Amino acid sequence: MPPLRQPDGRFANPVNPVIPGFHPDPSVCRVGGDYYLACSSFEYFPGVPLFHSRDLVHWTQVGNALDRPDQLRLPASMPSSGGIYAPTLRHHDGRFWLIVTNCSEGGGNLIVTATDPAGPWSDPIWAPGVPGIDPDLVWDEDGTCWCTVAGVSQVRLDPSTGQTYGTPHRLWSGGPGAKAPEAPHLYRIGDYWYLLIAEGGTERGHGVSIARGRTPAGPFEPCPANPILTHRGTDHPVQNTGHADLVQGPDGSWWMVLLGVRPGGGTPGWHVLGRETFLAPVTWVDDWPVVGEVALELPELPWPLSPTPVEEHRDDFEQAELRPSWISLRDRPAEHCTTKERPGWLTLRARGGSLDEPDVVFTGRRQQHLSCRARTLVDAAEGSGGLAVRLDERHHYAIEVSGTRVRVVARVGSLRTVVAEQSVPAGPVVLAVTTTEPPSPHGPCTGPDVVSLGFEQPDGTFTELATLDGRYLSTEVAGGFTGRVIGMYAMAGTAHFDWFDYEPLDG
């Protein structure tokens, strides 16, 4: 959203999350006055979205690190929430280094490099000697590179070749008995090496802990105030806080980027946008970091804000290549997804038969607002296709057109049903999906939102065909690590889409 100005001309306090929607596992680095941030992407192609900022608050996506088939292979057999996990982005010796795990069959830990985060990024350098997930890179004073992974263990690594030296050794795994010690990041700050990790699992028990030592290999002394950040057992509107990374602001102060979720509705609370990227202030007491509040409204920052141009809500598909924010399932072959076949249109050619299939041709964007409206004009004269709100193959709502029939389809777990159906005049039709707060009164069983699906008549009149409970498109119901993606798909033949419009409705 564009920044708001105060009456005196100053910008109003910025808000959290700083990168809303399905943007988990943030890793950030600073190069001079510029900041760059990478996130996980799981089953979507292209992989690892990359963002740029000048103020840690306003972020613009500049590309994706894994945007070529030879960099990223995600087979149709790979389940949703597989694929690309938890990158670490660092700048060293004049280059950007990104290490990440491909959790699909035949995958492993890989490294790509670039001189510009907007790309191009190199072909992958595989590191078969690096075990597990959530790899981190750090260089010590003599240039030795250390890779630390979930667990938490560490191995010496040559990132230019992927060669490891010696066997991984255990460092420190957080609090006694803590679940899922992961997301390690090592830093040299002052007299100490700090090992920052997540623990407790990426659900409501998530937290951040830290230890320090005199060398990057330890031994490490845990902070007596661990976990230094957690919202477990609280009524804070931001939950599941963890998987953090530290960075210095423009004035030298310290800050933390982290993931969190915004549950809605009654009990137990459902989050639908996925894990989002938040920002929190950090101070230092006795050489230990103290994390401030993960507030929905950030405090006034001690440096000037640098607002960036807001991406147009409407895409008319007039460019030869799709914007970097568009993502597809597992791959994006040109013969199935292109803007070049019919100028000014996105053409999708079907492969899988429906959204229930892992190889369905689907191209969408992350839902980034709790209330929003998405619309598209589809010409399905050569096939059938539609507009969907997707969490995975087993959890999605869609409105689709075939011939002169429009219907709403809901898939929840093993149940799939046509909710509503209606005839429409022959020719292109505007399909629409809206997510809004559920109607009052609210109770303990109220869902987080409602999803309305319909179409527009030739005179512009909107016809709503169905309104469905949004909780069934939430992580608490579906499981997994992703969030909602709203987009277009083809289920038979060829479907052409003239434009796509995404409009926030929550301010």
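Cut-offs applied
Residues numbered from 1 in each chain as written. Predicted model: local features only at pLDDT ≥ 70, side-chain atom pairs only at ≥ 80, totals over all residues. Heavy atoms only, no water. UniProt positions renumbered as here; feature names shortened; annotations may be inferred. Helix = DSSP H or I, 4+ residues; strand = E, 2+ residues; numbered from the N terminus. Buried < 20%, exposed > 50% of the residue type's maximum accessible area, 1.4 Å probe, protein only. Pairing = 2+ DSSP bridges.

Under an unreviewed UniProt entry, the name given to the protein is Xylosidase/arabinosidase, and the source organism is Streptomyces azureus. UniProt, in the comment section headed Sequence similarities (unreviewed entry), describes the protein in these words: "Belongs to the glycosyl hydrolase 43 family."

With that settled, consider unusual backbone geometry. Cis geometry is adopted by the peptide bond preceding Pro46, which originates at Phe45 and carries an omega value of -5 degrees. In this fold, Pro46 is placed in the loop between strand 3 (44–45) and strand 4 (47–53). Omega for the peptide link from Thr267 to Pro268 comes to 10 degrees, which places this bond in the cis form. When you line up the elements, Pro268 lands in the loop between strand 20 (254–261) and strand 21 (276–285). Look at Asp25: it is not a glycine, yet its phi comes out positive at around 55 degrees. By the element assignment, Asp25 lies in the segment before strand 1 (27–31). Its identity is not glycine, yet Ala86 carries a phi of approximately 45 degrees, on the positive side. Its place among the elements puts Ala86 in strand 6 (residues 84–92). When its relative accessible area of 3% is taken as the criterion, Ala86 is described as buried.

Another aspect to go through is the pairing of strand 33 (residues 429–436). Two faces make up the sheet, and in a regular strand the side chains alternate between them. Where burial is concerned, most of strand 33 is hidden: 7 out of the 8 residues are buried. Two strands pair when backbone bridges link them, and strand 28 (residues 372–379) and strand 33 are joined in this way by 7 bridges, in the antiparallel orientation. In the sheet register, Cys372 faces strand 33, and the bridge partner there is Thr435. Two strands pair when backbone bridges link them, and strand 33 and strand 34 (residues 450–456) are joined in this way by 7 bridges, in the antiparallel orientation. When the bridges of strand 34 are listed, Val430 appears paired with Glu456.

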